[in-house]
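Here is what each chain is made of, one letter per residue.
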Number of protein chains: 2
Amino acid sequence: MFENKENSRTSLEELGEFGLIDHLTRHFKIKQSTTVKGVGDDAAVLRFKDVDTVVTTDLLVEGVHFDLGYMPLKHLGYKAVMVNLSDVYAMNARATQITVSIAVSNRFPLEALEELYAGIALACELYKVDLVGGDTTSSNKGMLISVTAIGTAKKEDVVYRSGAKPNDLLVVSGDLGGAYLGLQVLKREQEVFAVNPKNQPDLSPYAYLVERQLKPEARKDIVELLEKLDVRPTSMIDISDGLSSEILHLCKESNVGCFLYEDKIPLDPTVISTCEEFNLDSSMVALNGGEDYELLFTVDQKKFPKIKGNPNFTVLGHVTEKEEGAYLISRNNSKIPLTAQGWDSFASD
Amino acid sequence: MFENKENSRTSLEELGEFGLIDHLTRHFKIKQSTTVKGVGDDAAVLRFKDVDTVVTTDLLVEGVHFDLGYMPLKHLGYKAVMVNLSDVYAMNARATQITVSIAVSNRFPLEALEELYAGIALACELYKVDLVGGDTTSSNKGMLISVTAIGTAKKEDVVYRSGAKPNDLLVVSGDLGGAYLGLQVLKREQEVFAVNPKNQPDLSPYAYLVERQLKPEARKDIVELLEKLDVRPTSMIDISDGLSSEILHLCKESNVGCFLYEDKIPLDPTVISTCEEFNLDSSMVALNGGEDYELLFTVDQKKFPKIKGNPNFTVLGHVTEKEEGAYLISRNNSKIPLTAQGWDSFASD
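Reading the values: rules and limits
- Residues numbered from 1 in each chain as written.
- Chains lettered and ligands numbered in written order.
- Predicted model: local features only at pLDDT ≥ 70, side-chain atom pairs only at ≥ 80, totals over all residues.
- Heavy atoms only, no water.
- Contact = heavy atoms within 4.5 Å.
- Salt bridge = Lys/Arg side-chain N within 4 Å of Asp/Glu carboxyl O.
- Polar contact = N/O pair within 3.5 Å; in protein donor to acceptor, adjacent residues only side chain to side chain.
- Helix = DSSP H or I, 4+ residues; strand = E, 2+ residues; numbered from the N terminus.
- Buried < 20%, exposed > 50% of the residue type's maximum accessible area, 1.4 Å probe, protein only.
- UniProt positions renumbered as here; feature names shortened; annotations may be inferred.
- Least-squares fit on C-alpha atoms with pLDDT ≥ 70 in both.
- Core = buried A, V, L, I, M, F, W, Y, C linked by side-chain atoms within 4.5 Å.
- Domains from an automatic or database assignment.
- Expected span 1.5 Å × (residues − 1).
- Pairing = 2+ DSSP bridges.

So, about the interface of chain B and chain A. With 74 residues of chain B in contact, the opposing surface of chain A contributes 74 residues. The residue D50(B) makes a salt bridge to K49(A) at a minimum N-O spacing of 3.7 Å. Counting across the chain B and chain A interface gives 22 residue pairs in polar contact (both at pLDDT 80 or more). For the side of chain B that touches chain A, the element with the highest residue contribution is strand 3 (residues 52-61) of chain B, accounting for nine residues.

The structure is reproduced here in structure tokens:
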């Protein structure tokens, strides 16, 4: 006999829209003193005093940004929050509140949404942000998640994309290329599974890469570390759309150029070995793979002693005058113009 | 020969994601002094001093909340903003900023999105709100719009759903049922058109209803009027999900009951005549039709002289003790329990 999986399926119609919001958000506790009223009125009410408010929003679409074939719903919920918090931290701000809206087709039972919200709740817990609103609705096809994140920073602490100055150092947090390779590994296993469902994949050699893809962490710690080190970046940007394209954004907004040294790009050993296995160029993967929720920033050269040797930071190169252009200086010392090959949801595959 | 309509079709792929955001938002001008940085960085930066911030978000899905068969894209953009501003006003707050995210399938050319954003721009212009961020992405099917609206109010001015007291008056702005009937008229014309495309519909007798459906206005004026009259509601709620269900929300949050008098429900003459034509009960339409972006609020009885006779307000009934329940008092004086038959996107049709 087959297991009756229907036991744990509650249709969304049974609850209705308001019942659903109540049900999904009832375990969320308010942690921020700035949250006066969260879910449950026409709007949330926040009370900020003498600080700037930052607001960012991102939309994740099934089949475009995620594939539920290898993305567990709890991870998806967690990641949807990280994607937005990363943008708040890229302003050198502290994340305080989020709203989460979801559109789902009837194929998802309540239990699936509970999993999704378990991931959202975990993210809120670990990053100390409050869920203060949202909307749930049906969709004709698939799942879509829209998150808006709010944060605060003292006016003088906010860091824009536009403040880089020639001779500033170009610094990145963490290491690059892991999330993209994690996706390649998961896609390969999915194909193997399609052919032979009995095959038990051993993902342990790729654990780091898979985690970078399925459970990325936004770099709250970097904002805190920079404050502790008394280093205020001159400019900063989230590079989840790809290092290469985001450096170009930063250069454009700051009206500068840059030299980026290929041999400085931080790569985890697993990234190097897996690139060899997949016959991929690790620099290209690091430059254009995307989905690494790391921060790229520029600092005055005088701050070098504070950055140097810190395992969280890698100096990738430096900022130049605009006229000098934006270049990758390759290992064999040739100058290759940086091009935006970042992730673009409208590009055909 | 056929007209070559392809002349005015630009595919989204040509622009790419960042080009698209730039292109769509380049004409938006910052109007609010609280907007420090709008579109163009990782997050928008807002500067509020000594006021509470309200945040609300709504998701509109093609085929669920709108049908492009009768909803022009410009109107859709306008309405998507109104839906959210209405929630800000329902907090007795001023709307200041919005973010707009859209997911669209490749079937939409750039010109379609320009139409949509023309409607968003018009709404921003008329309601003096700044577009400060958003996301554009592709979808597998149809269009989805996610708007987040931000507003401000002095701490003591914010009005929640929870402040209604027994004996308070129950007041509604505008008149009810028009938007629902407008939709019925549009659906009927769509069916007629499907059978006979040469038929030129005469919508002029229904102009008011169609406008209520296609170009609703959020009641910014009501918030301003209440301030001018020095009337601070004890509770307030947006009733676009249906008068009946929203009264129940308000009663639940305020821990009270209410008596709502059927003969007090404000109906436009076109609503009455069109209900007769469609063989619909006008009270049911007004109570449960939804999509009327009006505000329901409660005020202390002492404020009655200020409300009375103002064409923007109708006293529908009064608040009672919770134990008395929530009732519609019908024209023939029978007590009918109010039930939530508001709009629910998960309900089967």
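Residues and elements named next belong to chain B. Following the criterion strictly, the structure yields 34 salt bridges over all chains and no others. Of the charged contacts, one joins K220 and E224 as a salt bridge, the two residues approaching to 3.8 Å between their closest N and O atoms. Here K220 and its partner E224 are both found in helix 6 (residues 220-228), four residues apart, which amounts to about one turn of the helix. By relative accessible area, which is 22% here, K220 ends up partly exposed.

We now examine the UniProt feature "binding site: Mg(2+) 5" (unreviewed entry) in chain A. In this numbering, the UniProt entry assigns the feature "binding site: Mg(2+) 5" (unreviewed entry) to D241(A). Relative to the helices and strands, D241(A) is located in the loop between strand 8 (235-238) and helix 7 (243-254).

So, about the relation of the copies chain B and chain A. Note on the identical chains: chain B maps onto chain A by a rotation of 180 degrees and an axial translation of 0.0 Å, with an RMSD of 0.0 Å. Taken together, the turn and the small shift mark the pair as related by a two-fold rotation axis. When you check the interface residues of chain B against chain A, 100% turn up at the interface there too, and the contact is symmetric in its surfaces.

All right, on to the UniProt feature "binding site: Mg(2+) 4" (unreviewed entry) in chain A then. Look at the UniProt record and you will see "binding site: Mg(2+) 4" (unreviewed entry) annotated at D42(A), T56(A) and D87(A). Across 46 residues in sequence, these annotated residues place their C-alpha atoms as far as 26.0 Å from one another, rather than forming a single compact spot. Its place among the elements puts D42(A) in the loop between strand 1 (35-37) and strand 2 (44-47). Residue D42(A) is classed as buried on the basis of its relative accessible area, which comes to 6%. Aside from chain neighbours lying at most four places away, what touches D42(A) is T56(B), D87(B), A90(B), M91(B), R161(B), M236(B), I237(B) and D238(B). Here T56(A) shows up in strand 3 (residues 52-61). For T56(A), a relative accessible area of 5% translates into the label buried.

Once that is clear, we can look at the nonpolar core. In terms of nonpolar packing, the biggest core is built from 97 residues, with L85(B), I98(B), L116(B), M143(B) and L296(B) touching the most fellow members. By residue number, the principal contributor to this core is helix 2 (residues 73-89) of chain B, which donates 10 residues. When we break this core down by domain, the ones giving at least three residues each are domain 1 (10-157) and domain 2 (169-337) of chain B. Look past the residues within four positions of M143(B) in its chain and what remains in contact with it is L60(B), V61(B), E62(B), F66(B), L73(B), L76(B), A103(B), V104(B), F108(B), L113(B) and L116(B). Formed by 74 residues, the second largest nonpolar core is a distinct cluster that contains L76(A), A93(A), C124(A) and V223(A).

A word on helix 4 (residues 178-195) of chain B. Relative to the 26 Å expected for 18 residues at 1.5 Å per residue, helix 4 of chain B spans 26 Å between its end C-alpha atoms, a close match to the ideal helical length. Its buried side turned inward, helix 4 of chain B meets helix 5 (207-214), helix 8 (269-278) and helix 9 (282-288) of chain B.

A word on the side chain of S245(B). Take S245(B): it is sitting in helix 7 (residues 243-254). Reaching out from S245(B), the side chain makes a polar contact with the side chain of E246(B) at a distance of 2.7 Å.

In this section: the pairing of strand 2 (residues 44-47) of chain B. Pairing geometry for strand 3 of chain A and strand 2 of chain B, over four bridges, is antiparallel. Each bridged residue has a counterpart across the sheet, and for V54(A) the counterpart in strand 2 of chain B is V45(B). By the bridge criterion, two bridges tie strand 1 (residues 35-37) of chain B to strand 2 of chain B in an arrangement that is antiparallel. Within strand 2 of chain B, the residue paired with K37(B) across the bridge is V45(B).

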